[in-house]
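Structure at a glance
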Amino acid sequence: MNYRHIFHAGNSADVVKHTVLLLLLTALKEKDKGFCYIDTHAGCGIYDLTSTQANKTGEYKDGIALLTHQYQHPILQNYLTYISTIEKNHYPGSPWFARKMLRSQDKMVLNELQPDDNQTLKNLFKYDQQVSIHQRDAYEFLPAIVPPNPRRGLVLIDPPFEDFSERQKIITLMQKSYNKWLQGIYMIWLPLKDESSTKFEVELTNIPFKNNFTIKFFWQTTVVKANPMLGCSIVIFNLPFNAKEQLLALMSELKTALKVIKADFEVSFIEKENT
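Residues numbered from 1 in each chain as written. Predicted model: local features only at pLDDT ≥ 70, side-chain atom pairs only at ≥ 80, totals over all residues. Heavy atoms only, no water.

Ranked by size, the top nonpolar core spans 90 residues in total, and within it Val20, Tyr37, Ile38, Tyr79, Met174 and Leu204 carry the most contacts. At 10 residues, helix H1 (residues 12–28) tops the list of elements feeding residues into this core. Non-local contacts of Ile38, meaning those with residues more than four positions away in its chain, are made with Val109, Phe141, Leu142, Ile145, Val146, Pro148, Leu154, Val155, Leu156 and Trp181. (Core = buried A, V, L, I, M, F, W, Y, C linked by side-chain atoms within 4.5 Å. Buried < 20%, exposed > 50% of the residue type's maximum accessible area, 1.4 Å probe, protein only. Helix = DSSP H or I, 4+ residues; strand = E, 2+ residues; numbered from the N terminus. Contact = heavy atoms within 4.5 Å.)

If you want it as structure tokens, here you go:
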């Protein structure tokens, strides 16, 4: 697979994804019981924004480069504070943010198939007893390890979407995971490129979890690309209690924070009777 996240690190989709991830992990920490964070497509954990790859696309200029520290939402404040602790001109990936949130009773299970990124990930978390790292096909990996121990937890599914067949793989993956780990929180990141993205969302939300919350975040990019994304979508299954209002407030502030690229968002929330 040719996809490397370094070309897209720190873009507007990353800002949305990582702030939502921090919000969900914060909700899990409201209870003393431990949780497990699982990342099916973990990447390499940290990215150099001065690299040739990052500057080939320059996507971070429409994302993290637009943000200041003058925000009200505590999640956005924490997000920027965490980034300020790493080396200048670097941007962290989802595993790095998640590790910041772990307590002694929590653990993290990461999976990355790409060999170079997997090795970088191992180097980043070397000797960390709370982190385990796999190099497996994501669609085999997740059903094999759920339910985790501890049983409370969150899965981030953030594939490259290089192949259209990946959408059906995700549907199958979610159906398998639902049967094995009904109570887990699942967060799926999707690119918004055309009408097929919406059809895929509908297929996802038909899976019978007790609730699903979908965020669509749109933008008008200033970075010139041959095939730009129109935005991103995040589908969350088993949204934690009281997280809905926090998410709405976060999206509203991100819309303001990214106003240079004319950002906007819409959400939907569906609750179902337990079957």
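From this point, things continue past the structure.
All right, on to the pattern of salt bridges then. Scanning the model with the defined rule gives 7 salt bridges in all. The salt bridge partner of Lys216 is Glu201, with a shortest N-O separation of 3.4 Å. Of this pair, Lys216 sits in strand E8 (residues 211–218) while Glu201 sits in helix H8 (residues 195–205), and the two are 15 residues apart along the sequence. In this pair, the class of Lys216 matches that of Glu201, namely buried. Linking Asp264 and Lys255 is a salt bridge whose minimum nitrogen-to-oxygen distance equals 3.4 Å. Residue classification places Asp264 among the partly exposed residues on the basis of a relative accessible area of 36%. A network of salt bridges, in which partner residues are shared, links Asp14, Lys17 and Asp158. (Salt bridge = Lys/Arg side-chain N within 4 Å of Asp/Glu carboxyl O.)

According to the stated counting rule, one finds 10 aromatic pairs in the structure shown. Where Tyr178 meets Phe209, the ring centres are 5.0 Å apart and the plane angle is 80°; that geometry is what we call edge-to-face. Of this pair, Tyr178 sits in helix H7 (residues 166–180) while Phe209 sits in the loop between H8 and E8, and the two are 31 residues apart along the sequence. Looking at Tyr178, the relative accessible area reads 17%, which means it is buried. Overall, the relative accessible area of 1% leaves Phe209 in the buried class. On the basis of an interplanar angle of 10° and a centroid distance of 6.4 Å, the ring pair of Phe217 and Phe265 is categorised as stacked. Residue Phe217 is located in strand E8, and its partner Phe265 is located in strand E10 (residues 264–271); the two are separated by 48 residues in the primary sequence. A relative accessible area of 0% means that Phe217 is categorised as buried. Among the residues examined, Phe265 registers a relative accessible area of 22% and is labelled partly exposed. A network of ring pairs unites the aromatic residues Tyr178, Trp181, Tyr186, Phe209 and Phe237 as a single cluster. (Phe/Tyr/Trp six-rings, centres within 6.5 Å; stacked < 30°, edge-to-face > 60°.)

Turning to its location among the elements, Ser12 is positioned in helix H1. Contact partners of Ser12, with chain neighbours within four places excluded, come to Asp62, Gly63, Trp219, Leu258 and Ile261.

This next bit is on the packing of H1 against helix H3 (residues 74–84). Running from N to C, H1 and H3 point in directions that differ by 110°, and their axes come no closer than 10 Å. Viewed along their axes, H1 and H3 adopt a mutual orientation that is roughly perpendicular. Here H1 runs over H3; the crossing is right-handed. Residues Val15, His18, Thr19, Leu22, Leu23 and Thr26 of H1 form the contact with H3, whose own contacting residues are Ile75, Leu76, Tyr79 and Tyr82. (Axes fitted to C-alpha atoms, helices over the stretch in contact; angles between N-to-C directions. Parallel < 35°, antiparallel > 145°, perpendicular 65-115°, else oblique. Left-handed = near helix turned anticlockwise from the far one by under 90°.)

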